[in-house]
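An overview of the molecular structure
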Amino acid sequence: MTRLINRLRLNSTSGTSKNVWLTALLIFLLLGANYMRLVMPEEIFAILTLGLSLFGFISLVCYIYLIIKGWPDLASNKKTVEILYIGLMTFVTILISLLPIKILIIILR
């Protein structure tokens, strides 16, 4: 299990932060490839976007856990920056995760 955590970079704040941004980028690119019409079947598109969204949420939770674990060691200005950064990552993760669902609803009507 620890090898899996190390390979997915869920053991450091920089790794989990990169995971969140990379999953958002991959979902955005997947949406761009399927913009005018679906290039892939709807089921595969839904599974890929939901899987990437789930991995983004897991990475976000790991980032929050790692920040809470090291919270007493942070300076007060660093705590403020981390709170704002967590808010930004949460906003981006939720926004990027909801976009494919909205697009699938529009396409399947």
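Structural data are supplied above this passage.
So, a few notes on the structure that sits alongside this text. (Residues numbered from 1 in each chain as written. Predicted model: local features only at pLDDT ≥ 70, side-chain atom pairs only at ≥ 80, totals over all residues. Heavy atoms only, no water.)

1. A few points about the overall build of the protein
- Each helix and strand in the protein was counted, giving four helices and zero strands.
- Tracing the protein from N to C terminus, the helices and strands come up as α-α-α-α.
- Taking the principal axes of its C-alpha atoms as reference, the protein extends roughly 50 × 30 × 15 Å.
- Within the protein, the fraction of its 109 residues that count as buried is 30%. (Helix = DSSP H or I, 4+ residues; strand = E, 2+ residues; numbered from the N terminus. Buried < 20%, exposed > 50% of the residue type's maximum accessible area, 1.4 Å probe, protein only.)

2. Overview of the environment of Met89
- The topology assignment puts Met89 in helix 4 (residues 76–107).
- Judged by its relative accessible area of 0%, Met89 is buried.
- When the C-alpha atoms of Met89 and Phe57 are compared, they prove to be 9.7 Å apart, with 32 residues separating the residues in sequence.

3. Details of the environment of Cys62
- Note that Cys62 resides in helix 3 (residues 42–69).
- The spacing of Cys62 and Thr13 is 49 residues in sequence and 8.0 Å in space, taken between C-alpha atoms.
- Once residues within four sequence positions are removed from consideration, Cys62 is found in contact with Leu10 and Thr16. (Contact = heavy atoms within 4.5 Å.)

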